[in-house]
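The primary structure of each chain is shown beneath.
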Amino acid sequence: MKKMMIIAAATLVMIACTAQKQAEPDKTAAQQLLERLDSLQQKGIMYGHQDDPMYGLTWEYDKDSSDVKNVCGDYPAIMGFDLGGIEMGDQKNLDSVPFTRMTEEIKNHYRRGGIVTLSWHPRNPVTTIEGGGWAGQKFPAGSAWDVTDSAVVKKILPGGDFHEKFAGWMQRVSDFLATLTDDNGQKIPVIFRPWHENSGSWFWWGEKLCSVGEYKALWNMLQDKLRADGFDNLVWSYSPGCEDNLTAERLLVRYPGDGRVDMLGLDGYQWVPQEKDQFIARTKQNLTVLCETARAHHLIPALTETGMKNLTQPDWWTSTLLPAVEEFPISYLLTWRNYKQEWFGPSTSKPDAPYFVEFYNSEKTLFAKDIAE
């Protein structure tokens, strides 16, 4: 009798738990990714690389290739890709990556348990020439770096002369995001990082090109559009640039608000070996502010872009980067792409490769195999 009562009680508990689970709404893909990022943050710092499976220093678009994997035997945990050019209906992005291949590689990385982040360097909607066709040429008139018109943001906000044009551009971003589904047709979660490095003035959305209110309105306009289109799989990352003597107030001066941001990032590079000590000191100071501010606002912190141009300091991975970041609870760091004229990741063809293997073997760093579920 006692055993039967225990079984009956257990059955009632199971029924109650099942009913409660059914009553609770399912978590969105973005919420699931945020929980995963929070959990992985306790394990170490994920390594990321821009355009990793697309091309390297000695190859282009080889199947299953990667400079990172060729050096250490593993893919990066994070892969970054850019949507610049999608707004024009181009077949390739500003770095000559076919968008169909981008979709394919995002799906491949998701299958292996990796995480994807997307940036967007849209052309200047006021000065660009329709038809374009200059993928791979970063700085011509009409590019994201064209700051000849100091009121672009104002002109594309609702009521502006170029608002309808930019609305069409946002729709093309939406159309691309709709292609990012897994093998079961479910939306793939993505870290989305638009309007980055806004504390500088080299992009048409930069600090000297729009007011604080206009910048926030720009962020909200894009976010409201994509949310309305059903993209609850986007983790929104706000990422200004590293600065000397950064403060929390400076970091948040254009911050769109807690309800609109999920991750808080910084972009910061080292350009020459002589900047080693300066890079370490600045990165540590900036990450201290970043992590404290992220914690106060319940956000995930990350070093959303970093690297040393052309790795002219071969031991940079272990003598500079790792010491600069290892004590901070950042989610990930992402080095920029390996292009033949300018590269930031490892390569078997360069002397930094053995130092990257040491970086890979550090207990502080996480790669694709480390985070695979």
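Shown above is the structure to which this text applies.
Being a predicted model, the structure only gives us computed values, none of them experimental.

1. Section: the overall build of the chain
Scanning the chain from terminus to terminus reveals 12 helices and 11 strands. Against the compact-globule benchmark of 21 Å for 373 residues, the chain has a radius of gyration of 22 Å, which places it among compact chains. Taken along the three principal axes of its C-alpha coordinates, the chain extends 85 × 55 × 45 Å. In the chain, buried positions account for 55% of the 373 residues. Nonlocal contacts in the chain, meaning residues at least 24 apart in sequence, comprise 76% of its contacts between residues at least 6 apart. Surface exposure of the chain reaches about 16100 Å², of which carbon and sulfur atoms provide 52%.

2. Concerning the pairing of strand β6 (residues 263-270)
Within β6, 8 of the 8 residues are buried, leaving the element largely enclosed by the surrounding structure. Covered by surrounding structure in β6 are Met263, Gly265, Asp267 and Tyr269 together with Leu264, Leu266, Gly268 and Gln270, the residues of both alternating faces. Taken together, the 2 bridges between strand β5 (residues 234-238) and β6 define a ladder with parallel strand orientation. Looking at β6, one finds that Ser237 is bridged to Met263. Crossover handedness for the path β6 to helix α9 (residues 276-296) to strand β7 (residues 300-308): right-handed.

3. Considering the pattern of salt bridges
Proximity of charged atoms lets side chains of opposite charge pair with each other. Scanning all chains against the criterion turns up 16 salt bridges. Put simply, Lys27 and Glu35 hold a salt bridge, and the shortest N to O gap is 2.6 Å. Judged by its relative accessible area of 45%, Lys27 is partly exposed. Classification of Glu35 as partly exposed rests on a relative accessible area of 43%. With a closest N to O distance of 2.9 Å, Arg193 and Glu305 form a salt bridge. A residue pair is termed long-range when its members are at least 10 positions apart, and Arg193 in strand β4 (residues 190-194) and Glu305 in strand β7 qualify at 112 residues. Where salt bridges share partners, they join Arg193, Asp267 and Glu305 into one cluster.

4. Observations regarding the nonpolar core
Most often, soluble globular proteins have nonpolar side chains that are buried together. Counting 89 residues, the largest nonpolar core has Leu83, Leu118 and Trp195 as its most contacted members. With 7 residues, the top contributor of residues to this core is α9. When sequence neighbours within four positions are dropped, the list of residues in contact with Leu83 reads Phe99, Met102, Leu118, Ser119, Trp120, Val173, Phe176 and Phe192. With 20 residues, the next largest nonpolar core counts Ile191, Met263, Tyr269 and Phe344 among its residues.

5. Some details on helix α7 (residues 212-228)
With 17 residues, α7 extends 24 Å from end C-alpha to end C-alpha; this agrees with the ideal 24 Å at 1.5 Å per step. Structurally, α7 contributes buried residues whose contacts are with β3 (115-120), α5 (152-156), α6 (163-177), β4 and β5. Directly after α7, the chain includes Gly230, whose backbone phi takes a positive value near 95°.

6. Section: the pairing of β5
With 5 of 5 residues buried, β5 lies mostly within the body of the structure. Covered by surrounding structure in β5 are Leu234, Trp236 and Tyr238 together with Val235 and Ser237, the residues of both alternating faces. As judged from the 3 bridges shared by β4 and β5, these two strands associate in the parallel manner. For Val190, the partnering residue across the bridge sits in β5 and is Leu234.

Rules used throughout
- Residues numbered from 1 in each chain as written.
- Predicted model: local features only at pLDDT ≥ 70, side-chain atom pairs only at ≥ 80, totals over all residues.
- Heavy atoms only, no water.
- Helix = DSSP H or I, 4+ residues; strand = E, 2+ residues; numbered from the N terminus.
- Rg over C-alpha atoms; globule rule 2.2 N^0.38 Å.
- Buried < 20%, exposed > 50% of the residue type's maximum accessible area, 1.4 Å probe, protein only.
- Contact = heavy atoms within 4.5 Å.
- Areas by Shrake-Rupley, 256 points an atom, 1.4 Å probe, with all protein chains shown as cover.
- Pairing = 2+ DSSP bridges.
- Right-handed = clockwise from strand over helix to strand, strands pointing away.
- Salt bridge = Lys/Arg side-chain N within 4 Å of Asp/Glu carboxyl O.
- Core = buried A, V, L, I, M, F, W, Y, C linked by side-chain atoms within 4.5 Å.
- Expected span 1.5 Å × (residues − 1).

Function cannot be read off these values alone, since they describe shape.
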